[in-house]
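Each chain is listed here by its residues.
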Amino acid sequence: MKGTTASIMKYIRTEVFPTPFCAGCGHGILLGAILHAVHQSGLDFSRVLFVSGIGCAGWIPSPHYNTDTLHVTHGRPVAFATGAKLFNPELTVVVIGGDGDIASIGGNHLIHAARRNMDLTVICANNMVYGMTGGQAAPTTPRGARTATTPTGNLEPPFDLVRLVAAAGATYVARYSVWHVRPLIASIKKALQHTGFSFIEVLSTCPTQYGRRNEEPTPIGMLRALKQNCVTVKRAEDLSPEELVGKTVIGEFVG
Ligand SMILES: Cc1ncc(C[n+]2csc(CCOP(=O)(O)OP(=O)(O)O)c2C)c(N)n1
Ligand SMILES: [Mg+2]
């Protein structure tokens, strides 16, 4: 049953279906990828604690995952997860949050947990916008992108989350997208088994709040853009700075 949808259904509270996600939301793909990684790792699901804040990404574990989930204040899941891990060190503690939750209001918790090399896995579902609250600009919104609060284009530069977290001291750092599901699952497996602070940025699609205001309004167009615009770390080594403009480098950066 490796890799089939049937193999992960036992980890899902199907009584909460249909999901709260909009049509074309990439967070559902990430929801499944995390469960495939758990399944393939052979972890006891009842000994995994998922912590999430407020936002569409917060709904990935809660209410969907059939184990303990903490659905906490916006921006604070890393802080709650730190407390849970210190109190109960044998738990595998996984934070799942949006780019606003993890890197905007929660940015300080993120860098300090990385600095301390806390034994947590943090998965950031980066749809480059505040999806749930109406599509405001986030610290991950690309320059020039239109959002509810930057209708003529964002003037500010975005954070490069993998560089930020790697510089802060994380000991496993990777980036993939919801298009690159197989390498994403392999990376989540590594992060779950890693001792120390592991961080995965997952580029996700938000047709409702991001795509419709920018070049790719459709779910399939957004997925195609991820396929076309992402280049692996290895391939990026052979590209000039000019050739890398508009590209996102994916792969493992630390670990
Ligand atoms: C302390 C606090 N500040 C602000 C909010 C409003 N709020 C809820 S979710 C959110 C941002 C959601 O964006 P993100 O974390 O990227 O998740 P997404 O919905 O895009 O998956 C904001 C600003 C809140 N609930 N609590
Ligand atoms: Mg977001």
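One can find the structure itself at the top, above this paragraph.
Here is what the cut-offs are and how they apply
Residues numbered from 1 in each chain as written. Chains lettered and ligands numbered in written order. Predicted model: local features only at pLDDT ≥ 70, side-chain atom pairs only at ≥ 80, totals over all residues. Heavy atoms only, no water. Salt bridge = Lys/Arg side-chain N within 4 Å of Asp/Glu carboxyl O. Helix = DSSP H or I, 4+ residues; strand = E, 2+ residues; numbered from the N terminus. Buried < 20%, exposed > 50% of the residue type's maximum accessible area, 1.4 Å probe, protein only. Contact = heavy atoms within 4.5 Å. Axes fitted to C-alpha atoms, helices over the stretch in contact; angles between N-to-C directions. Parallel < 35°, antiparallel > 145°, perpendicular 65-115°, else oblique. Left-handed = near helix turned anticlockwise from the far one by under 90°. Nonpolar A, V, L, I, M, F, W, Y, C, P; charged D, E, K, R; others polar. Pairing = 2+ DSSP bridges. Donors = N, O, S within 2.8 Å, 3.2 Å for Na, K, Ca; no water.

Our focus in this paragraph is the pattern of salt bridges. Under the definition given, this model contains 5 salt bridges. We note a salt bridge from aspartate 119 to lysine 85, for which the minimum N-O separation is 3.6 Å. With aspartate 119 in the loop between helix H5 (107–116) and strand S4 (121–126) and lysine 85 in helix H3 (residues 77–87), the pair connects residues that are 34 residues apart, well separated along the chain. According to the relative accessible area criterion, aspartate 119 is partly exposed, its value standing at 28%. Judged by its relative accessible area of 9%, lysine 85 is buried. Its salt-bridge partner being lysine 190, residue glutamate 252 comes within 2.9 Å of it at the nearest N-O pair. Of this pair, glutamate 252 sits in strand S8 (residues 248–254) while lysine 190 sits in helix H7 (residues 181–193); the two residues are 62 residues apart in sequence, bridging distant segments of the chain. Note on glutamate 252: relative accessible area 29%, which makes it partly exposed. What emerges from the salt-bridge pattern is a single network uniting Asp160, Arg175 and Glu201.

Turning our eyes to something else, we now look at helix H8 (residues 219–229). Residue pairs spaced three or four apart in an α-helix point in one direction, given the helix's 3.6 residues per turn. Those residues of H8 that sit buried are Gly221, Met222, Leu223, Ala225 and Leu226. Those residues of H8 hidden inside the fold are in contact with helix H2 (27–41), strand S5 (172–177), strand S6 (198–203) and strand S7 (230–232).

Turning to the packing of H2 against H7, a few remarks are in order. Interaxial distance between H2 and H7 falls to 8 Å at its minimum, and their mutual angle equals 55°. The orientation of H2 with respect to H7, classified from their angle, is oblique. Remark: the crossing between H2 and H7 carries right-handed chirality. Along its contact with H2, which presents Ile29, Leu30, Ala33, Ile34, His36, Ala37, Val38, Gln40 and Ser41, the element H7 presents Val181, Leu184, Ile185, Ile188, Lys189, Leu192 and Gln193. Residues that form the contact of H2 with H7 fall into these classes: 11 nonpolar, 4 polar and 1 charged.

Pairing in this open sheet of 8 strands is mixed, and the strands run S2-S1-S3-S4-S6-S5-S8-S7 from one edge to the other. One side of each edge strand has no neighbouring strand; the edge strands of this open sheet are strand S2 (69–71) and S7. Along the sheet, successive strands turn relative to each other by an average axial angle of 20°, direction set aside. Where strand S1 (residues 48–52) lies against strand S3 (residues 92–98), 4 bridges are found, and the strand directions are parallel. Its bridge partner being in S3, leucine 49 is matched across the sheet by valine 93.

The buried fraction of S4 is high, at 6 of 6 residues. Neither face of S4 is open: one carries Thr121, Ile123 and Ala125, the other Val122, Cys124 and Asn126, and all of them are buried. In terms of strand pairing, S3 meets S4 through 5 bridges, oriented parallel. Each residue of the ladder has a partner; that of valine 94, found in S4, is threonine 121. Inspection of the sheet shows S4 paired to S6 by 6 bridges, in the parallel sense. Bridge assignment links threonine 121 to a residue of S6, and that residue is serine 198.

What follows covers the coordination of the magnesium ion (ligand 2). Summarising the metal site, the magnesium ion (ligand 2) is bound by the protein donors Asp99 (OD), Asn127 (OD1) and Val129 (O), whose distances to it range over 2.1 to 2.2 Å. Donor residues for the magnesium ion (ligand 2), ordered by position in the chain, follow D-x27-N-x1-V. Accessibility classification places asparagine 127 together with valine 129 in one group, the buried group.

Looking now at unusual backbone geometry. For the peptide bond that leads from phenylalanine 17 to proline 18, omega is -5°, which places it in the cis range. Positionally, proline 18 belongs in the loop between helix H1 (5–8) and H2. The phi angle at methionine 128 is positive, at roughly 70°, despite the residue not being glycine.

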